Amino acid sequence: MSITIHARATKSTATEGFAMPEPVSEPQQSAVPLLSMRGTRKQFPGVLALDGVDFTLRAGEIHALMGENGAGKSTLIKVLTGVYPKDGGEALLEGRLWEAKSPGHAQQCGVSTVYQEVNLIPTLSVAENIFLGRQPGGARINWRAIKKGAEAALARLNLSIDVSRTLSSYSIAIRQMVAIARALDIQAKILILDEPTSSLDADEVARLFSVMRRLKDEGLGIIFVTHFLNQVFEVTDRITVLRNGRLVGEYETAALTRLELVARMLGKEVKDLEDAPRVQHAEEVRKEPMLRAHGVGRRNAVAPLDLELAPGEVMGLAGLLGSGRTETARLIFGADRLDCGAIEIDGKPVAISSPRKAIDNRLGFCPEDRKTEAIIPDLTVRENIILALQAGRGWRKRLSRKKQDELADHYIKALSIATPSPEQAVKNLSGGNQQKCILARWLASNPRLLILDEPTRGIDVGSRAEIERLILKLCDDGMAILMVSSELEELARLSHRVAVMRDREKIAELSGDAVTENGIMQAIGGAAS
Ligand code: ADP
Ligand code: MG
C-alpha cells in the first residue's frame, strides 16, 4: 500500500479527502467571514481566561491577535483548534456552525497551527517531519512519494533544501518553515502562527513575512500572535486586542498608531504612556565601584576587558548577537571560568570560580533563556522563588515553610506576579510572569549586583514597563545592575553607562549624554571606536 500525499504546488487542487461543509453559496462567500467566533468563554480553575470573546477572520488577511501576557490569546487559539473544550460560545467556519473536536480534527478541517515551540522531531529527516504521523498504517512506506511531496510543500514557501537531511542539521528558521509546510500540506484555510518570530533574525523574519504574504494572496486567513509591535504594523491587515480575557476591539492596522495599540493593550490612555521609565543622567554622582573586573577574558569567548560597577548604577551591555555580551555576563558570574584577569569586590580580590561563589559574594544572574536555563516549569511559583536563596544556604539548611510562604507572598505582591496562588505551577503562567518569578528568585537572595540577560525579551509591553520600572527602583535602592539587551532604545533609557561589544571584544564605553540609541548604534557599527 502506498500513501496519499496532499501536498499541492498550486491552490487549484480540490479539497479532496476532507469533510468540509459546503460553502453557503458562491456569490455570498466573500461576505461570509472565513471564521467567526462569538461569545467564546473558557474557565480555568480560578481564572476566567476568555469572557465572551468575539473574533472574526477574513479570507486573504493577516490578522494580529494582540494583548498582554495572560490576555487569553493562546487560550482563544487552543479553544478554536480543539486543544481545550470551550465553556460557551460558538464558532462558524465559512458560515457553518463548527467545533474542533481535537487539533487533528481542526487540521483536517483546514485550521492549522504552528506553535511557539516548534513541535517536530529533530532527529528525523525534513521529509519525515512534514508527513509525520500522517502515513496510513500500511506496511510499505513510499519514500519517494514522501520526498517529492515534501519538496513540493517547501517549494510553495520558496524553499529548496535537501529534505532527506535531518531536521536538526538546519537552523531554527528553516525548522519553522518546515513546521509551516507541515501545517499547510493539509488543505489549510486558516494558518495560526503563535509567536513564530521570537527566535528569528531580521532576514529570517523577512522571509517568513514574504511567505505569509504569499499565502494571504492565495486566500488563506492567517492569525499572527507576536509581541513585536513593528512586525504587527509591517505585515498585518487587522488587529484584535484582548485584555484580561475580554475583547477590547478590532481595528484596521492602518488606522492605529503604535501608541494607540499599546494603550489599548494596557487598558490605558495614550497620554499615560508618553512617559516611559528612564534614568536621570543629570543626577548622576559616581560612587566608588563595588565591583571591578580587570582584564577578565576567556579564550574563544571574550577578549580581556575591564568593567566597573558602582552601587545604584545600571550598566548596559550592548552588541550584536554573538558579540560576547552573554559570555561577559557569564564570566562575571562564574558560570564560565576566567582564563585571565581578576575581579575585586569592595577593593578586595575575590575568586568567583562558580555561580555558588558568586551567590556567596551576593551576585545574582537571570539568564536569557528562561525556559531552558531558569524556570523549573513543574515547580510552583513559591518553589521557584525560593530556589536561589535556598541554594545559597545549602540544601540541608531548609527554609521553613512559613518563611517560604512569606517570601512568595511578598514577591508576588511586590512584582505583581499574576498567579491565582503561590502554589500554581510556574508553567501555567505567562512569559512575563515567569520572568518576574525569576527576578523574584534573585531578589529574594538579596544581591548587591544583579546581572540581567535580556530581561524583557519575548514579554509583552505591559510587563516590560513593569520590569523596567523595577530595574530603576532596585538601582535607586542601591543595587548595581549589569544588563544585556538587544533593544538599544531600552538600553539607552535605562543605563547610566553602556559597554559596547563587537566580535567578542569590548570596543567602547559610553556615559552621560553619549548614552543614546544612536550613540550605541554608531559604536556597534564602528563609528565611535
Ligand atoms: P496569552 O496567550 O494571551 O498570554 P493565555 O491564553 O496563555 O494568555 O492565558 C490566559 C489566562 O489563562 C492566564 O491567566 C493564564 O494563567 C490562564 N491559563 C492558561 N492556560 C491555563 C491552564 N492550562 N490552566 C490554568 N490556567 C491557565
Ligand atoms: Mg500565549
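Residues numbered from 1 in each chain as written. Chains lettered and ligands numbered in written order. Predicted model: local features only at pLDDT ≥ 70, side-chain atom pairs only at ≥ 80, totals over all residues. Heavy atoms only, no water.

Attention now goes to the packing of aromatic side chains. Using the criterion set out here, one finds four aromatic pairs in the structure. Here the aromatic rings of Phe209 and Phe224 are separated by 5.9 Å at their centres, their planes lie at 90°, and the arrangement is edge-to-face. Of the two residues, Phe209 is situated in helix H6 (residues 202-217) and Phe224 in strand E8 (residues 221-225); the sequence distance between them amounts to 15 residues. A relative accessible area of 0% places Phe224 in the buried class. Measuring from centroid to centroid gives 5.9 Å for Phe333 and Trp442, while their planes differ by 90°, and the two rings are edge-to-face. You can see Phe333 sitting in the loop between helix H10 (325-332) and strand E14 (340-345) and its partner Trp442 sitting in helix H15 (residues 431-444), a full 109 residues away along the chain. (Phe/Tyr/Trp six-rings, centres within 6.5 Å; stacked < 30°, edge-to-face > 60°. Helix = DSSP H or I, 4+ residues; strand = E, 2+ residues; numbered from the N terminus. Buried < 20%, exposed > 50% of the residue type's maximum accessible area, 1.4 Å probe, protein only.)

Further remarks concern the site of ligand 1. For ligand 1, the set of nearby residues contains 13 residues, the closest of which are Gly70, Gly72, Lys73, Ser74 and Thr75. Tyr84 is positioned with one of its side-chain polar atoms (N or O) 3.3 Å from a nitrogen atom of ligand 1. The protein chains hide 79% of the 560 Å² of surface that ligand 1 would expose on its own. Going through the elements one at a time, strand E2 (47-57) and helix H1 (73-80) are the ones with two or more residues in the shell around ligand 1. Sort the elements by how many residues they give to the shell around ligand 1 and H1 lands first, with three residues. When its residues are assigned to classes, the shell around ligand 1 shows five nonpolar, six polar and two charged. (Near = heavy atom within 4 Å. Polar contact = N/O pair within 3.5 Å; in protein donor to acceptor, adjacent residues only side chain to side chain. Areas by Shrake-Rupley, 256 points an atom, 1.4 Å probe, with all protein chains shown as cover. Nonpolar A, V, L, I, M, F, W, Y, C, P; charged D, E, K, R; others polar.)

Running from N to C, helix H13 (residues 381-393) and H15 point in directions that differ by 40°, and their axes come no closer than 6 Å. Classified by the angle their axes make, H13 and H15 are oblique. Crossing of H13 over H15 shows right-handed handedness. Contact residues: Val381, Asn384, Ile385, Leu387, Ala388 and Leu389 in H13; Cys437, Ala440, Arg441, Trp442 and Ala444 in H15. Here the contact of H13 with H15 is built from residues that sort into nine nonpolar, one polar and one charged. (Axes fitted to C-alpha atoms, helices over the stretch in contact; angles between N-to-C directions. Parallel < 35°, antiparallel > 145°, perpendicular 65-115°, else oblique. Left-handed = near helix turned anticlockwise from the far one by under 90°. Contact = heavy atoms within 4.5 Å.)

Looking now at the pattern of salt bridges. Evaluated as defined, the whole model comprises 30 salt bridges. A salt bridge links Arg325 to Glu454, with the nearest nitrogen and oxygen atoms 3.7 Å apart. Remark: Glu454 occurs in the loop between strand E17 (449-453) and helix H16 (461-476) and Arg325 occurs in helix H10; sequence separation between them is 129 residues. The same class applies to Arg325 as to Glu454, namely buried. Three or more residues are tied together by salt bridges with common partners; here these are Arg464, Glu468, Glu487, Glu489, Glu490 and Arg493. (Salt bridge = Lys/Arg side-chain N within 4 Å of Asp/Glu carboxyl O.)

Read across the sheet, six strands follow the order E6-E7-E8-E3-E9-E10 without closing on themselves; strand pairing throughout is mixed. Bordering the open sheet on either side are strand E6 (111-114) and strand E10 (246-252), each of which pairs with just one other strand. This sheet shows a mean twist of 20° between the axes of neighbouring strands, independent of strand direction. With four bridges joining them, E6 and strand E7 (residues 190-194) adopt parallel strand pairing. Following the sheet pairing, Thr113 is matched in E7 by Ile192. Of the strands in this sheet, strand E3 (61-66), strand E9 (238-243) and E10 touch helix H8 (residues 258-266), which is tilted by about 30° from E9. (Pairing = 2+ DSSP bridges.)

Further remarks concern unusual backbone geometry. Notably, Glu94 is not glycine yet its phi reads approximately 50°, a positive angle. When you line up the elements, Glu94 lands in the loop between strand E4 (88-93) and strand E5 (96-98). On the basis of relative accessibility, which here comes to 14%, the residue Glu94 falls in the buried class. With phi around 50°, Glu195 is a residue other than glycine that occupies positive phi space.

Spanning 14 residues, H15 covers 20 Å between terminal C-alpha atoms, matching the ideal 20 Å at 1.5 Å per step. Most of H15 is tucked away: 14 of the 14 residues are buried. In the stretch just after H15, Asn446 is the one whose phi turns positive, near 55°. (Expected span 1.5 Å × (residues − 1).)

In terms of nonpolar packing, the biggest core is built from 79 residues, with Leu363, Leu449, Leu450, Ile481 and Ile520 touching the most fellow members. Residue contributions to this core peak at seven residues, all from H15. Those residues in contact with Ile520 that sit more than four places away from it in its chain are Ala318, Leu488, Leu491, Ala492, Val498 and Leu510. The next biggest cluster of nonpolar side chains, apart from the first, holds 40 residues, and it includes Val126, Phe131, Ile161 and Met212. (Core = buried A, V, L, I, M, F, W, Y, C linked by side-chain atoms within 4.5 Å.)

Let us look at the sheet that holds E2. Reading across from one edge, E2-E1-E4-E5 is the order of the four strands in this open sheet, with antiparallel pairing throughout. This sheet does not close on itself; its edge strands, each paired only once, are E2 and E5. Strand-to-strand twist in this sheet, taken as the mean axis angle between neighbours without regard to direction, amounts to 30°. With eight bridges connecting them, strand E1 (residues 35-44) and E2 associate as antiparallel partners. Paired with Leu35 across the two strands is Leu57, which belongs to E2.

Interpretation note: all reported values are geometric properties and have no functional meaning in isolation.
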